[in-house]
Amino acid sequence: MILWLIAWRNLWAKPLQNLLTVAVVATALAMTVLVMLVAASVHYGLVRATEPFDLLVGAKGSPNQLVLNTVFLQDAPIGNIDYAIAAELAASPLVDTAIAMGFGDNYRGYRLVGTEPALFEHRGKAGQPPWLQIDQGRPFQAPFEAVLGAKTAKETGLKLGGQFVSSHGVVAGGETHAGHAYTVVGILRPVGGPYDQAILTSLQSIWQAHSHEPEPKAQAAVSPADGADDDDDDHDHGATAVLVKPKGYAEALRLYQQFQKDRRAQLVFPSQVVANLFALLGQGEKALSLIGYSVLAMALLLVSFSMYWSSLSRTRDRAILRAVGASWTDIFWIILAEGVLVVWSGVLAGVLAGHGLFSLLTALLQQKTGIAFAGPFPLAEAYAVAGALLVGLLAAVIPAWSVARRSIAENLEA
Amino acid sequence: MLTIQKLIKEYRHPNGETIIAADIRELSVGQGEQLALAGPSGCGKTTLLHLIAGLASPTSGEIRWDGERIDSWPERKRDAWRAGNVGYIFQSFNLLPGLDVTENILVAAALGGRKPDAGQHRWTDEMLARVGLAERARHRPSRLSMGEQQRVAVIRALINSPRLILADEPTASLDRDNAAIILELLQALCREKGSMLILASHDRDVTARFERLHELKRPGRNPV
Ligand SMILES: Nc1ncnc2c1ncn2[C@@H]1O[C@H](COP(=O)(O)OP(=O)(O)OP(=O)(O)O)[C@@H](O)[C@H]1O
Ligand SMILES: [Mg+2]
């Protein structure tokens, strides 16, 4: 106890120098922890968001864009495919379910997802509860009935029975589809993913909103397709993507082969797209953790040296302690305690700072993307923290040992 | 009872030269006795005090405490013996800068797995009042004058009621008046506690206050 007190008081006798050391260790650790947490949670968040999407069929173009748009509700849709493809897929013996989805409208920036009621039955994996579950109200049935994602409902303040008018485009600010007001009939439970900020409605609603609208440009130009359109002619309408659940893995591969020859559409494995993305991100993560580790190692080396010098320079203190009856092991424990207090405070402060920054960052990201990044804390972090504590102990043991063992009599001054 | 015989401490310099730091043929001090160690600078006064306290080991010869060869004890045993039986006072800088005055005194009673008892707390307060430092009990040493710091060092040296007080030029950094105060305090407290006092000084004014004087001669140097 007395040894801890002496160590503690010794540290506060030189507060600036020691706080600086704490700050260096804390900064290094915060950096390392932050990189690990971000890497792990982004991985967790993206994988979780991708889970319900087994296969996606959409217009030919960038697979990344198709996944970004359909799974993460970011970026613009590539374009539409014929609704007939969705119907073909639904009829295919390789397919369990095929659900068409249409994008292109928004309400105050919240994307409208035109889809089919089957989406409410869709499960990430067989045996799991449905992905989207109604919290209040019911699924949409008639055109212009809408079901809001949890975050959409919270942030727009729309309630069951509330009405809103959508606008064209996937971002806020497009022209409004006047004359077609949607009625809120349901609100979803939070899913911790991008669909928390979606508005689900029937594909028909989206089609009708567009077809009933006199589009000035399209009217000026001769537009036979538009003119010939009518509501019950579904075949001329498009879907942006089809969410496909294959019967099994072999069937998924067969489907993939089929679509490689198909000139109308592409089929992607969203999990594969995300995995590729991670392979790319992984490089950066490795580099960052490497930097974090080296900064940490340097910080600990610095601590070790500064402890050695500062305890050497306090020969007088050691002499006094020896003279009043401290054994050399007491001196060892005091110097060790000083080092451990400094390093461990740094580690603690670093972990807290890392987590604080991380919460801030994920709160910001979640606000933007709807993805819940709060995964379990990565094991790597536990290892890094345990490692830092251990190395910190070592960084303290070495100077403590070498200083404590030095003969006092040599340095005693009368 | 402290007895020293044919005690020699040598230091070997890197250039191969052997320096005899202390050479004491014979010296014995009885319990409660007060002895001044005199002699010119470099004659080995500090070295002898280190050897007695067990902070250094002699090259040859023996140191006995109540008949026991303390110089041949293992370090651990000497540490424990010092903690319980010896009070040590340096010329200056006796106090730990991080601890306040009271803590600096009580630390001597708290080392070696012990705990200052109520009596020691009370005694500390009484002593501080006696030397006029009652108001400074919670001050850091850096706020005290040299003379005040030495008063604290004297009190600390005596807190465990040690049987032996070793003082190495305890008044060398003080003016005459302060030196007199410290010496009187030290001698009075040693008498009260019945502690043996060995005080090293090259100052005739200081050594004249002691009934017994032991003069050390500068030891020779032996080139190898
Ligand atoms: N650690 C050491 N290494 C080498 N020589 C030493 C060491 N300690 C002391 N000496 C030498 O031993 C001799 C005696 O030193 P000591 O400090 O005991 O003298 P002293 O009588 O206390 O002198 P002063 O009155 O100046 O304090 C000196 O010549 C000194 O240089
Ligand atoms: Mg000396």
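Residues numbered from 1 in each chain as written. Chains lettered and ligands numbered in written order. Predicted model: local features only at pLDDT ≥ 70, side-chain atom pairs only at ≥ 80, totals over all residues. Heavy atoms only, no water.

Digging into the environment of Val 25 of chain A
Moving on, step 1. Here Val 25 of chain A lies in helix α2 (residues 15-50).
Moving on, step 2. Val 25 of chain A sits in the buried class, given a relative accessible area of 1%. (Helix = DSSP H or I, 4+ residues; strand = E, 2+ residues; numbered from the N terminus. Buried < 20%, exposed > 50% of the residue type's maximum accessible area, 1.4 Å probe, protein only.)

Looking at unusual backbone geometry
Among all residues except glycine, the phi angle is most often negative; among peptide bonds, the trans geometry is most common.
Moving on, step 1. The backbone of Phe 144 of chain A shows a phi angle near 65°, a positive value even though the residue is not glycine.
Moving on, step 2. Looking at the element boundaries, Phe 144 of chain A is found in the loop between β5 (134-137) and β6 (145-148).
Moving on, step 3. Even without being a glycine, Ser 161 of chain B presents a positive backbone phi close to 45°.

Quick look at the interface of chain A and chain B
Moving on, step 1. Contact residues are listed per partner, giving 25 residues for chain A and 29 residues for chain B.
Moving on, step 2. Approximately 2500 Å² of surface area, both sides summed, lies buried where chain A meets chain B, with 64% of it carried by carbon and sulfur atoms.
Moving on, step 3. Linking chain A with chain B are three salt bridges.
Moving on, step 4. Here Glu 103 of chain B makes a salt bridge to Arg 9 of chain A, at a shortest N to O gap of 2.4 Å.
Moving on, step 5. At the junction of chain A and chain B, the tally comes to four residue pairs in polar contact (both at pLDDT 80 or more).
Moving on, step 6. Contributing elements (two or more residues each) for the side of chain A that touches chain B: α1 (2-13), α11 (315-323) and α12 (328-369) of chain A.
Moving on, step 7. Here the element with the most residues in the side of chain A that touches chain B is α11 of chain A; it accounts for seven residues.
Moving on, step 8. When the residues that make up the side of chain A that touches chain B are grouped by side-chain class, the tally is 15 nonpolar, three polar and seven charged. (Contact = heavy atoms within 4.5 Å. Buried area = accessible area lost by both parts, 1.4 Å probe. Salt bridge = Lys/Arg side-chain N within 4 Å of Asp/Glu carboxyl O. Polar contact = N/O pair within 3.5 Å; in protein donor to acceptor, adjacent residues only side chain to side chain. Nonpolar A, V, L, I, M, F, W, Y, C, P; charged D, E, K, R; others polar.)

What about the site of ligand 1?
Moving on, step 1. The local shell around ligand 1 holds 14 residues, among which Ser 41, Gly 42, Lys 45, Thr 46 and Thr 47 of chain B are the closest.
Moving on, step 2. More than one chain lines the surroundings of ligand 1; the residues nearby belong to chains A and B.
Moving on, step 3. Between Cys 43 of chain B and ligand 1, the recorded distance is 3.3 Å, taken from a backbone N or O atom to an oxygen atom.
Moving on, step 4. Glu 169 of chain B places a side-chain nitrogen or oxygen 3.5 Å from an oxygen atom of ligand 1.
Moving on, step 5. Relative to its unbound accessible area of 630 Å², ligand 1 is 72% covered by the protein chains. (Near = heavy atom within 4 Å. Areas by Shrake-Rupley, 256 points an atom, 1.4 Å probe, with all protein chains shown as cover.)

Quick notes on the side chain of Arg 318 of chain A
Residues and elements named next belong to chain A.
Moving on, step 1. Along the chain, Arg 318 falls in helix α11.
Moving on, step 2. No salt bridge is formed by the buried Arg 318, whose closest oppositely charged neighbour, Asp 317, lies at an N-O distance of 8.4 Å.
Moving on, step 3. Reaching out from Arg 318, the side chain makes a polar contact with the backbone oxygen of Val 403 at a distance of 3.1 Å. (Lys, Arg positive; Asp, Glu negative; His and termini not counted.)

Thoughts on the sheet that holds strand β6 (residues 86-89) of chain B
Residues and elements named next belong to chain B.
Moving on, step 1. Taken in spatial order, the five strands of this open sheet run β6-β7-β8-β3-β9, and their pairing is parallel. At either end of the open sheet lies a strand with only one pairing partner, and these are β6 and β9 (212-215). Within this sheet the neighbouring strands show an average axis-to-axis angle of 15°, counted without direction.
Moving on, step 2. One ladder, built from four bridges, connects strand β3 (residues 34-38) with strand β8 (residues 196-200); its direction is parallel. Bridging from a neighbouring strand, Ala 36 pairs with Leu 199 of β8.
Moving on, step 3. Packing against the sheet, helix α1 (residues 45-53) makes contact with β3, β6, β7 (164-168) and β8, and its axis sits at approximately 155° to β7. (Pairing = 2+ DSSP bridges. Axes fitted to C-alpha atoms, helices over the stretch in contact; angles between N-to-C directions.)

A few points about a nonpolar patch on the surface
All names here are of chain A.
Moving on, step 1. On the surface, Trp 8, Trp 12 and Leu 19 cluster together to form a nonpolar patch covering roughly 340 Å² of accessible area.
Moving on, step 2. With respect to the secondary-structure elements, Leu 19 resides in helix α2.
Moving on, step 3. Here Leu 19 falls in the partly exposed class, since its relative accessible area comes to 48%. (Patch = residues over 30% accessible without salt bridge, like charges linked within 9 Å, V, L, I, M, F, W, Y side chains within 5 Å.)

Describing the domain arrangement of chain A
All names here are of chain A.
Moving on, step 1. One can read the domain layout of chain A as domain 1 (2-46 + 283-404) and domain 2 (55-268).
Moving on, step 2. Look at where the C-alpha atoms of domain 1 and domain 2 centre, and you get two points 51 Å apart.
Moving on, step 3. Across the boundary between the two partners, domain 1 contributes eight residues, which contact nine residues of domain 2.
Moving on, step 4. Counting each side, the surface lost to burial between domain 1 and domain 2 is near 570 Å², with a carbon and sulfur contribution of 48%.
Moving on, step 5. On inspection of domain 1 and its partner domain 2, the count reaches zero salt bridges.
Moving on, step 6. Counting every contact that joins domain 1 to domain 2 gives three residue pairs in polar contact (both at pLDDT 80 or more).
Moving on, step 7. When residues in the side of domain 1 that touches domain 2 are grouped by element, the largest group, four residues, is from α12. (Domains from an automatic or database assignment.)

A look at the packing of helix α10 (residues 270-312) of chain A against helix α13 (residues 379-404) of chain A
For any two helices packed against each other, one specifies the crossing angle of their axes together with the interaxial distance.
All names here are of chain A.
Moving on, step 1. The interhelical angle for the contact between α10 and α13, taken along N-to-C directions, is 25°, at an axis separation of 9 Å. In terms of their interaxial angle, α10 and α13 are classed as roughly parallel. Between α10 and α13 lies a crossing whose hand is right-handed. Contact residues: α10 offers Tyr 293, Leu 296, Leu 300, Ser 304, Met 307, Tyr 308, Ser 311 and Leu 312, while α13 offers Ala 384, Ala 388, Val 391, Gly 392, Ala 395, Ala 396, Pro 399, Ser 402 and Val 403.
Moving on, step 2. The residue makeup of the contact of α10 with α13, split by class, is 13 nonpolar, four polar and no charged. (Parallel < 35°, antiparallel > 145°, perpendicular 65-115°, else oblique. Left-handed = near helix turned anticlockwise from the far one by under 90°.)

Here we look at α1 of chain B
Residues and elements named next belong to chain B.
Moving on, step 1. In terms of burial, α1 is a largely internal element, eight of the nine residues being buried.
Moving on, step 2. Taken as a whole, α1 has its buried residues at Lys 45, Thr 47, Leu 48, Leu 49, His 50, Leu 51, Ile 52 and Ala 53.
Moving on, step 3. Directly after α1, the chain includes Gly 54, whose backbone phi takes a positive value near 80°.

Notes on the environment of Asp 177 of chain B
Moving on, step 1. Summarising the element assignment, Asp 177 of chain B is placed in helix α6 (residues 176-193).
Moving on, step 2. Considering only alpha carbons, one finds Asp 177 of chain B and Arg 64 of chain B, 113 residues apart in sequence, at a separation of 36 Å.

Describing the confidence of the model for chain A
Moving on, step 1. The share of residues in chain A with pLDDT of 70 or more is 91%, and the mean pLDDT across the chain is 83.
Moving on, step 2. Counting interchain partners and residues more than four positions distant, the pLDDT-below-50 stretch residues 215-235 of chain A has 14 contacts. (pLDDT = per-residue confidence, 0-100.)

So, the environment of Phe 90 of chain B
Residues and elements named next belong to chain B.
Moving on, step 1. Structurally, the position occupied by Phe 90 is in the loop between β6 and α3 (101-110).
Moving on, step 2. Take Phe 90: its relative accessible area is 4%, and that puts it in the buried class.
Moving on, step 3. In the structure, Phe 90 is positioned 79 residues away from Glu 169 in sequence and 6.6 Å away in space, judged by C-alpha atoms.

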